[in-house]
Structures are given as structure tokens and as C-alpha cells.
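# Structural overview
Listed below are the residues making up each chain.
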Amino acid sequence: MRLQRNWFWGTFFLVGAVLLVVGQLGLLPVRFGFWQLLVGIFLVAMLVYNLAHRSIGGSVFSLAFLAIVFAKPLGITALVPWTILGAALFLTIGLSLLVSPRHFFRYETHTTFHHGDAAERVDRMTTDESQVGVNVNMGNSIRYLQSQDFQRADINVRMGNAKLYFDEVQVAPTGAVINLNVSLGGVELYFPRTWNVKLNVDPILGGVEVKGAPVASAGPTVVVQGHVSLSGVTVVYA
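Let us look at the structure shown here. Every value quoted in this text rests on a predicted model; they were computed, and no experiment measured them.

### Focus: the sheet that holds strand 11 (residues 221–229)
The strand order 3-5-7-11-9 describes an open sheet built from five strands, whose pairing is parallel. If you trace the sheet from one side to the other, it starts and ends with strand 3 (131–137) and strand 9 (196–204), each paired once. The sheet shows a mean angle of 10° between the axes of neighbouring strands, direction not considered. Across eight bridges, strand 7 (residues 176–183) lies against strand 11 in parallel orientation. When the bridges of strand 11 are listed, Asn179 appears paired with Gln225.

Laid out in C-alpha cells, this is it:
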């Protein structure tokens, strides 16, 4: 999989280099500025990436930013950027509702509402599950995990925020993996300072922030990996 991805992106950026040179030589049907073409290539890369990972929000906003950058050649200069971004937001919500409506309207009995709209789920997982799944859509969720043999967590966040506390989790002797799939949202991971954590996150128009410092130990390794688009991930060592 990694080899295929390297081939794809390698070929993509080689084509991008050719387009930059050809564009500056004036051989394209429409004249583009250097930075305009460079940003456009990057946004197309984002679009392809998000389409490959089935990210509705990332794909829609990639198209929105492309529309803003190339508004003049497209003949849509009458639309201000905020109008395009607002339309992209509503389009993302609409498509998300049509694609997976039950994820948006299914709230458990322990859901609480704040200020009349945003739903925040607070779940304490008391079972000793080695594999955990967390799904957050258009809301906020706080999870306190408990496990005596933690091996894997799949965290999917779309247009929402999730906080996960691992204070009462024992990592399996063979280690553990935390898979992230975050778009238009944020994830905060609270780890014990004694954990050996390896970050292997692939952010697109997003970032990873680390707060605090771990204490060196000989324990098993926890790998945090996955895809983050238009979002942020915060790792906190407590």
C-alpha cells in the first residue's frame, strides 16, 4: 500500500512540476500566475487524497478553495470567498446527511444537550475491551477508556470534536494501534506520561500538537496513525 501511494504521489508531483514550467512558458490555454498554479496543484492533490479516503468535507472544501483560487478563469468572480465557503459548509452537511443519516440522528439515552444544539456524549467504557471504536459526527464526545489489554482504537470524527482519556488503560504487551480518521474536526488524546507513543499521522491542511513530555520507559509501543484533513490532533501527556 505504501509503495502504491509513493508511486501515485511521485507521479502526481512530477506532473505538477511539468505544469508549472509549461504554465510559466505560456503554453496553457489560460494564463495562470506562478503561485496560483502552485496552490492549485496542491489543492488538486488534496482533492484526490480526500476522494481516495472518502472524506466528504475534505473533498467539498478542496473544490471550494479551487473555486476561490481560480474564480476569474471560471467566471465566478461575483461570488465572494465567504459565499463559496458557506455553500461548501452546507453542501458538506447535506451530503453527509444523505450518505449516512443514521449517524447524525442516532443519539443514545445518555446524550446531554448544551445551549440547545450541540450534543456532547460522555461515555465511560468499563468493560475490558481490547479493541475500541469511537464515532463522532457533528457533535462533541468525551470518552474515558478502561481496558486491561488495550490493542486497538478506531477513532472516526467528522465535523465534531472528541476527547479520549487513557489514564485507566493497560497496553497489551505486543503494543497497540490508534487509527485516526478526522475531517473538519478535532481530536484530543490524553496519554499517561509513561507511555511510549509513536506519531505517524498524515495531516492535510491540519496539524498535530504535542503538549507535555513523556517519561522514557521500556513499556510497549502505542502507534497513533491515520488521516487528518482540515482538522487538528492534540496529544497530551498527563
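Having seen it, we continue.
### With respect to the side chain of Ser147
Examined against the element boundaries, Ser147 turns out to sit in strand 4 (residues 140–150). When its relative accessible area of 2% is taken as the criterion, Ser147 is described as buried. Within the local environment of Ser147, its side chain forms a polar contact with the backbone nitrogen of Phe150, the two atoms lying 3.3 Å apart.

### What about the pairing of strand 6 (residues 161–171)?
Pairing of strand 4 with strand 6 involves eight bridges; the strand directions are parallel. Looking across to strand 6, one finds that Asn140 is bridged to Asn161. Bridge analysis of strand 6 against strand 8 (residues 186–191) gives five bridges, and the strand direction is parallel. Each residue of the ladder has a partner; that of Lys163, found in strand 8, is Glu188.

### Here we look at the nonpolar core
Within the largest apolar cluster, 29 residues are counted, with the highest numbers of intra-cluster contacts made by Ile155, Leu164, Phe166, Ile178, Leu180 and Phe191. Broken down by element, this core gets its largest block of residues, five residues, from strand 6. Residue contacts for Leu164: discarding those within four places in its chain leaves Val134, Arg143, Leu145, Ile155, Val187, Glu188, Leu189 and Tyr190. Listed in part, the nine residues of the second largest apolar core include Val60, Ile84, Ala88 and Leu230.

### Regarding the environment of Val223
The topology assignment puts Val223 in strand 11. Once the C-alpha coordinates of Val223 and Gly175 are considered, the two residues, 48 residues apart in sequence, prove to be 8.0 Å apart. Other than its neighbours up to four places away in sequence, Val223 contacts Ala176, Val177, Ile178 and Lys198.

### A closer look at a nonpolar patch on the surface
A contiguous nonpolar surface patch, about 210 Å² in accessible area, is contributed by Leu199, Val208 and Val210. Mapped onto the fold, Val208 is located in strand 10 (residues 207–211). For Val208, a relative accessible area of 35% corresponds to the partly exposed category.

### Topic: the packing of aromatic side chains
Taken as a whole and judged by the stated rule, the model has seven aromatic pairs. For the pair Tyr144 and Tyr165, a centre-to-centre distance of 4.9 Å together with 10° between the ring planes defines the contact as stacked. Here the residue Tyr144 occupies a position in strand 4, and Tyr165 occupies one in strand 6, the gap between them amounting to 21 residues. Owing to a relative accessible area of 30%, Tyr144 belongs among the partly exposed residues under this scheme. Each member of the aromatic cluster is reached from another via a ring pair, and the members are Phe150, Phe166, Phe191, Trp195 and Tyr237.

### Considering helix 3 (residues 56–69)
Taking 1.5 Å of rise per residue, the 14 residues of helix 3 would be expected to cover 20 Å, and the 20 Å separating its terminal C-alpha atoms lies within 8% of that figure. Within helix 3, ten of the 14 residues are buried, leaving the element largely enclosed by the surrounding structure. For helix 3, the full list of buried residues reads Ile56, Gly57, Gly58, Ser59, Val60, Phe61, Ser62, Ala64, Leu66 and Ala67.

So, how was this worked out
- Residues numbered from 1 in each chain as written.
- Predicted model: local features only at pLDDT ≥ 70, side-chain atom pairs only at ≥ 80, totals over all residues.
- Heavy atoms only, no water.
- Pairing = 2+ DSSP bridges.
- Helix = DSSP H or I, 4+ residues; strand = E, 2+ residues; numbered from the N terminus.
- Axes fitted to C-alpha atoms, helices over the stretch in contact; angles between N-to-C directions.
- Buried < 20%, exposed > 50% of the residue type's maximum accessible area, 1.4 Å probe, protein only.
- Polar contact = N/O pair within 3.5 Å; in protein donor to acceptor, adjacent residues only side chain to side chain.
- Core = buried A, V, L, I, M, F, W, Y, C linked by side-chain atoms within 4.5 Å.
- Contact = heavy atoms within 4.5 Å.
- Patch = residues over 30% accessible without salt bridge, like charges linked within 9 Å, V, L, I, M, F, W, Y side chains within 5 Å.
- Areas by Shrake-Rupley, 256 points an atom, 1.4 Å probe, with all protein chains shown as cover.
- Salt bridge = Lys/Arg side-chain N within 4 Å of Asp/Glu carboxyl O.
- Phe/Tyr/Trp six-rings, centres within 6.5 Å; stacked < 30°, edge-to-face > 60°.
- Expected span 1.5 Å × (residues − 1).

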